[in-house]
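Results of the structural survey
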Amino acid sequence: MRGTRAQTNTGRKEGVNLNKQQKQKKETTIDSYYSPNGTEGERSANDKPEIPANWIQAVEELKTQLREAEDNWEKNLKIKISHLETEALELKQENSVLKAKITQLENEAKEMKDEAKEMKDEIKRMKDSLQRNSDQKEKDDQKAKDEIQSLRTRVKQLESSDLTRQQDTIRQNKKNEKIEENVKHLIHKTDDLENRSRRDNLRIIGLPEDHDKRKSLDIILEEIIQENCPEILEQEGKVEIERIHRSPPVFNPQRTTSRNVIAKFKNNQIKEQVLQAAKKKPFRYHGNMVRITQDLSASTLKDRKAWNMIFRKARELGLQPRIKYPSKLTIFLQGKVWSFNTTEEFQAFINKRPDLNRKFEVQPQNSRESSKEI
């Protein structure tokens, strides 16, 4: 298409130049013939025939018309040249666009080639991994067979001495029970130690992620205290923070809620004052609602979350529920305070009271509500 258009443009230019030369030659011939000082085609004064006046006038008009035609022709020629230049510029732009597309296609082809290479390497790695897993599985199967054979031998030995086996079983059960008790005690002791190590910590919930991009977290915490309980700063002066950070430390873009902030105070009294103030009224920071609670271990928080639905229903029934350290529920019923360590204890308690049991037959809450901390 471009070659045809270029040949058409070249033919137009040659035709225009030929017409222009022919007109110039024709005009020169007529002017020289009728001009008094002409050379080519001139005749002597004696040989010049008489020319009628109307012929001369007609010739002059013809010359005028030729000049006007030449002017019009030049204007049209300029317009055509302008159009041709515009078309040439468009062709140049199209050429540039095509070059850019070709470059883009080459880059994409290169990227696809690199991706294909990466996929090939990945497939190779997967094959190697599958081979290793297969070998490991064969080893594990053989080991399991050996263990099964050993167990069969052991079973036969135990069956040969039933009394000894029973005594060993009883003795082992006692050991297991003691181990379980020790494990529970150690877990409880570990949780207690972890909670005690966090006694100077506060957990800030609901603080948007974008705030700590502009300011440090210790300054934000001081502004929260200044906005919600300024009397603490007036009494104690500057709040000294030993350490403050987001938890978890790595931001997950798929997470819909902001990460919690954990702050460790150097002064436990100031921490307690802030915590008591947060229990009396909701805290705000730049118009956003933030919650401040005691920082506890993950297992303790999990135990407390198990009370969420029961706590919510008890509060609706006016039983004045409270969660005491570490995860004990208390309610006020019939003029007496009842405490429960587990949800099973609470369920057994309300099963003995049919009227209360019917009130606590609630539908499960949705996942977002059930995940909220008490």
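Everything in this summary refers to the structure shown in the same document. On a predicted model such as this, the values are computed, not experimentally measured, just so you know. Position numbers for residues start from 1 in each chain and track the written sequence from start to end. Where totals are concerned, whole chains, interfaces and linings use all residues; where local detail is concerned, this predicted model gives features only for residues with pLDDT of at least 70, and gives and counts side-chain atom pairs only at 80 or more. With hydrogens and water set aside, each side-chain value is computed from the structure's full complement of heavy atoms.

**Here we look at the packing of aromatic side chains**
Pairing of aromatic rings covers Phe, Tyr and the six-membered ring of Trp, with a centre-to-centre limit of 6.5 Å; geometry is then stacked below 30 degrees between planes, edge-to-face above 60, and tilted otherwise. Counted by the stated rule, this structure contains four aromatic pairs. Ring geometry for Trp307 and Phe346: centres 6.4 Å apart, planes at 90°, overall edge-to-face. Here Trp307 is found in the loop between helix 8 (298-305) and helix 9 (308-316), whereas its partner Phe346 is found in helix 10 (residues 343-351), with 39 residues between them in sequence. A single burial state applies to Trp307 and to Phe346, both of which are buried. Between the aromatic rings of Phe340 and Phe349, the centroid separation amounts to 5.0 Å while the plane-to-plane angle is 55°, which identifies the pairing as tilted. Think of it in three bands: residues with accessible area under 20% of the maximum for their type are buried, residues over 50% are exposed, and the middle band is partly exposed, with areas taken using a 1.4 Å probe on protein chains only. Here Phe340 falls in the buried class, since its relative accessible area comes to 5%. By the ring-pair criterion, three or more aromatic residues cluster together here, those being Trp307, Trp338, Phe340, Phe346 and Phe349. Over a ring means this: the NZ of a Lys or the CZ of an Arg is within 6 Å of the ring centre and within 35 degrees of the ring normal. One Lys or Arg, Arg353, reaches over the ring of Trp338 and ends 5.1 Å from the middle of that ring. Strands here mean DSSP runs of E at least two residues long; helices mean DSSP runs of H or I at least four residues long; both are numbered from the N terminus.

**Focus on unusual backbone geometry**
Residue Ser247 is joined to Pro248 through a cis peptide bond whose omega torsion reads 0°. Positionally, Pro248 belongs in the loop between strand 2 (241-247) and strand 3 (260-265). Omega for the bond connecting Tyr325 with Pro326 falls within 30 degrees of zero, at -5°, which places this linkage in the cis form. Within the fold, Pro326 resides in the loop between strand 6 (322-324) and strand 7 (328-333). Even without being glycine, His286 reaches a positive phi, approximately 55°. Residue classification places His286 among the partly exposed residues on the basis of a relative accessible area of 48%.

**Focus on helix 8**
Burial in helix 8 covers these residues: Thr300, Leu301 and Arg304. Projection of helix 8 onto a plane perpendicular to its axis shows the buried side chains occupying an angular sector of 100°, all on one side. In helix 8, the exposed residues that point more than 90 degrees away from the buried face are Ala298 and Lys302. Contacts are residue-level and defined by heavy atoms, with any inter-residue pair within 4.5 Å sufficient. Along its buried surface, helix 8 packs onto helix 3 (162-197), strand 1 (201-205), helix 9 and strand 6. Working definition: the arc comes from the directions between the helix axis and the C-beta atoms, pointing outward to the latter.

**A word on a negative patch on the surface**
In this scheme, patches are assembled from residues that exceed 30% relative accessible area and form no salt bridge. Like charges are connected within 9 Å, while nonpolar side chains (Val, Leu, Ile, Met, Phe, Trp, Tyr) are connected within 5 Å. Accessible areas in this description were obtained via Shrake-Rupley with a 1.4 Å probe; residue shielding takes into account the shown protein chains only. We count a salt bridge whenever a side-chain nitrogen from Lys or Arg sits within 4 Å of a carboxyl oxygen from Asp or Glu. His is not counted here, nor are the chain ends, while Lys and Arg score as positive and Asp and Glu score as negative. All charge positions are set by atom: Lys at NZ, Arg at CZ, Asp at CG, Glu at CD. A cluster of acidic residues, Glu108, Glu111, Asp114, Glu115, Glu118 and Asp121, forms a negative patch at the surface. Tracing the chain through its elements places Glu111 in helix 2 (residues 53-160).

**Description of the side chain of Asp191**
Along the chain, the position of Asp191 falls in helix 3. For the buried Asp191, no salt bridge exists, and the shortest N-O distance to an oppositely charged side chain is 8.8 Å, to Arg198. As used in this structure description, the phrase polar contact means that two N or O atoms lie within 3.5 Å; if the pair is within protein, one of them must be able to donate a hydrogen and the other to accept it, and residues adjacent in sequence are counted only when both atoms belong to side chains. Among the polar contacts listed, one links the side chain of Asp191 to the side chain of Ser299, at a separation of 2.8 Å. Setting aside residues no more than four positions away along its own chain, Asp191 makes contact with Ser297, Ser299 and Thr300.

**Considerations on the environment of Asn260**
Along the chain, Asn260 turns up in strand 3. Accessibility expressed as a relative area gives 11% for Asn260, which makes it buried.

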